[in-house]
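If you want the building blocks of each chain, they are given just below.
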Amino acid sequence: MVLPFQLGTLCDLASWRGHSEEIIMRALCWHGKGDVRVDTVPDPKIQHPRDAVIKITACAICGSDLHLLDGYQPTMESGDILGHENMGEVIELGSEVTNLKIGDRVVVPFTISCGQCWFCQKGLFSCCDRTNPNAELAAQAMGQSPAGLFGFSHMLGGYSGGQAEYLRVPMADVGPIKIPDSVTDEQALFLSDIFPTGYMAAVNAQIEPGDTVAIWGCGPVGQFAIRSALMLGAGRVIAIDEVPERLAMAEAGGAETIDFSKTDVYDELMKRTENVVRTAASMRSDARRPDMVRPMPCSTRSRRQLSWPPTAFTSCARRSCAAARRARFPFRASMSAWATRSRLARL
Ligand SMILES: [Zn+2]
Ligand SMILES: [Zn+2]
């Protein structure tokens, strides 16, 4: 049976069936490769005392959504609601959610975390091992399962996403962050995923005051990595891409830039940095250019790697991601942003 939307780990099918006649809200639904539609679907309901329902006031389309659109993510089902970068206003609360109140504005992390398991207790919320009811499927595909995620396939929990009018937020006493009225939706929205992703890339690079940091890829994650690196004390950030508007935005954020389509990146980096640089690759895989994704060694000491276009870092990111999961590091940061502590000193 294919449900019009998936209810997730704390679902109550009897409850869902009871509400199934209430076909009210509009939501962006996946129906197959290259086929997403705005459908009319049942409103989400409180199904567990730790649930909240929010009225979506802003949501983002993530680069990762391209994997769904282009059919690269297994275990999607027709009718699944997309969207994992969400914020909104709390309109319903379960009885056990005491830290929020109706009317609060919240931004919702894309990972769903219980707050109680070993991982959550360690602050490794994206590794929560209680919120993905289909963890075995994820483990088959990825080695280990992360936490359940909003709007990102059934092997990652089958939770409905927030590219919709309303969203059920499980474990709402853990994830959602209250946003003060002085902060706009646009200022807060990227806390749901992409800002922490770029920030974590910079953190993983273990930047010390005055360091020079090279960042491959100036898409959204790269832009946040640039600004995070400077915020964490980098003296210089050298951003690498080929798209003019991305490079212009990187410069506006305080970075020097290298256009890899015009310049030998390795030689240019060595020239500018006297051979000492930390590296952070912040490029997501590009689902529209799978030909650019290919195996490569993880060592950043490779001259060839330094010269490759950013999309070539995808497989490296995946390997780092797998390593991070094996080591039980936070999945959120490593799933789309990859960083390594690497001194290229005196190669
Ligand atoms: Zn995202
Ligand atoms: Zn947990």
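Fair warning: this is a prediction, and the values are worked out from it, not measured in the lab.

Cut-offs and rules
- Residues numbered from 1 in each chain as written.
- Chains lettered and ligands numbered in written order.
- Predicted model: local features only at pLDDT ≥ 70, side-chain atom pairs only at ≥ 80, totals over all residues.
- Helix = DSSP H or I, 4+ residues; strand = E, 2+ residues; numbered from the N terminus.
- Buried ≥ 20, exposed ≤ 12 C-beta atoms within 10 Å, placed from the backbone.
- Contact = placed C-beta atoms within 7 Å.
- Arc of directions from axis to C-beta.
- Core = buried A, V, L, I, M, F, W, Y, C linked by C-beta atoms within 7 Å.
- Domains from an automatic or database assignment.
- Pairing = 2+ DSSP bridges.
- Axes fitted to C-alpha atoms, helices over the stretch in contact; angles between N-to-C directions.
- Parallel < 35°, antiparallel > 145°, perpendicular 65-115°, else oblique.
- Left-handed = near helix turned anticlockwise from the far one by under 90°.
- Nonpolar A, V, L, I, M, F, W, Y, C, P; charged D, E, K, R; others polar.
- pLDDT = per-residue confidence, 0-100.

1. Observations regarding the overall build of the protein
Line of reasoning, step 1. Tallying secondary structure elements over the protein gives 12 helices and 15 strands in all.
Line of reasoning, step 2. By the burial criterion, 50% of the 347 residues in the protein qualify as buried.
Line of reasoning, step 3. The contacts of the protein with a sequence gap of at least 6 include a subset with a gap of at least 24, amounting to 69%.

2. Details of helix H6 (residues 194–204)
Line of reasoning, step 1. Where burial is concerned, most of H6 is hidden: 10 out of the 11 residues are buried.
Line of reasoning, step 2. When we look at burial in H6, the residues that qualify are Ile194, Phe195, Pro196, Thr197, Gly198, Tyr199, Met200, Ala201, Ala202 and Asn204.
Line of reasoning, step 3. Trailing H6 by a residue or two, Gln206 shows a phi angle of about 50°, which is positive.

3. Some remarks on helix H9 (residues 265–273)
Line of reasoning, step 1. Taken as a whole, H9 has its buried residues at Val265, Glu268 and Leu269. Projected onto a plane normal to the axis of H9, the buried residues spread over an arc of 100° and lie on a single side. Residues of H9 that are exposed and point over 90 degrees away from its buried face: Asp267 and Lys271.
Line of reasoning, step 2. Of the residues trailing H9, Glu274 is marked for its positive phi of about 55°.

4. Looking at the nonpolar core
Line of reasoning, step 1. Counting residues in hydrophobic clusters, the biggest one holds 81 residues, and the most contacted among them are Ile54, Ile215, Ala229, Val237 and Ala239.
Line of reasoning, step 2. Formed jointly, this core draws a minimum of three residues from each of two domains, domain 1 (13–192) and domain 2 (194–340).

5. Focus on the pairing of strand E5 (residues 85–93)
Line of reasoning, step 1. As paired elements, strand E3 (residues 52–60) and E5 share 8 bridges and run antiparallel to each other. Pairing of Val53 across the sheet is with Glu92, part of E5.
Line of reasoning, step 2. Across 4 bridges, E5 lies against strand E6 (residues 105–108) in antiparallel orientation. Bridge pairing in E6 links Asn86 to Val108.

6. Comments concerning the sheet that holds E6
Hydrogen bonds between backbone groups are what pair the strands of a sheet, and the pairing can be parallel or antiparallel.
Line of reasoning, step 1. Taken together, the 5 strands give an open sheet; going across it, the order is E9-E3-E5-E6-E10, and neighbouring strands pair in antiparallel fashion. Of all strands in the sheet, those with a lone pairing partner are strand E9 (166–169) and strand E10 (177–178), marking the two edges.
Line of reasoning, step 2. In the sheet, E3 pairs with E9 via 4 bridges, with the strands oriented antiparallel. From the neighbouring strand, Lys55 faces E9, where its bridge partner is Tyr166.

7. Notes on the packing of H6 against helix H7 (residues 220–231)
Line of reasoning, step 1. Viewed as axis vectors pointing N to C, H6 and H7 meet at an angle of 55°, and their least axial separation amounts to 7 Å. One way to sum up the angle between H6 and H7 is to call them oblique. In this structure, the crossing between H6 and H7 has a hand that is right-handed. Facing Ile194, Phe195, Thr197, Gly198, Tyr199, Ala201 and Ala202 of H6, the residues of H7 in contact are Pro220, Val221, Gly222, Gln223, Phe224, Ala225, Ser228 and Ala229.
Line of reasoning, step 2. Looking at the contact of H6 with H7 residue by residue, the classes come out as 10 nonpolar, 5 polar and no charged.

8. Here we look at the confidence of the model for the protein
Line of reasoning, step 1. Per-residue confidence for the protein averages 79 on the pLDDT scale, and 72% of its residues sit at or above 70.
Line of reasoning, step 2. Counted against residues more than four places away or in other chains, residues 1–20, with its pLDDT under 50, gives 43 contacts.
Line of reasoning, step 3. Of the regions scoring below 50 in pLDDT, residues 283–347 engages in 131 contacts with residues more than four places distant in sequence or in other chains.

9. Some words on unusual backbone geometry
In most cases, non-glycine residues show a negative phi, while peptide bonds are predominantly trans.
Line of reasoning, step 1. Look at Ser153: it is not a glycine, yet its phi comes out positive at around 90°.
Line of reasoning, step 2. Mapped onto the elements, Ser153 comes out in the loop between strand E8 (148–149) and E9.
Line of reasoning, step 3. Positive phi, normally seen in glycine, also occurs at Met171, with a value near 50°.
Line of reasoning, step 4. Here Met171 shows up in the loop between E9 and E10.
Line of reasoning, step 5. Residue Met171 is classed as buried on the basis of its C-beta count, with 29 C-beta atoms lying within 10 Å.

10. Here we look at the environment of Ser192
Line of reasoning, step 1. One can find Ser192 in the loop between helix H5 (185–188) and H6.
Line of reasoning, step 2. Owing to 28 C-beta atoms within 10 Å, Ser192 belongs among the buried residues under this scheme.
Line of reasoning, step 3. In the structure, Ser192 is positioned 133 residues away from Cys59 in sequence and 9.1 Å away in space, judged by C-alpha atoms.
Line of reasoning, step 4. Residues in contact with Ser192, not counting those within four places in the same chain, are Glu85, Asn86, Met87, Val107, Val108, Pro109 and Phe110.

11. Overview of the environment of Asp185
Line of reasoning, step 1. Within the secondary structure layout, Asp185 lies in helix H5.
Line of reasoning, step 2. Distance from Asp185 to Asn86, taken between C-alpha atoms, is 9.8 Å for residues 99 residues apart in sequence.
Line of reasoning, step 3. Apart from residues lying up to four places away in sequence, Asp185 is in contact with Thr57, Ala58 and Met87.

12. Overview of the environment of Val221
Line of reasoning, step 1. Residue placement: Val221 occurs in helix H7.
Line of reasoning, step 2. Remark: the alpha-carbon pair of Val221 and Thr197, spanning 24 residues in sequence, is separated by 6.5 Å.

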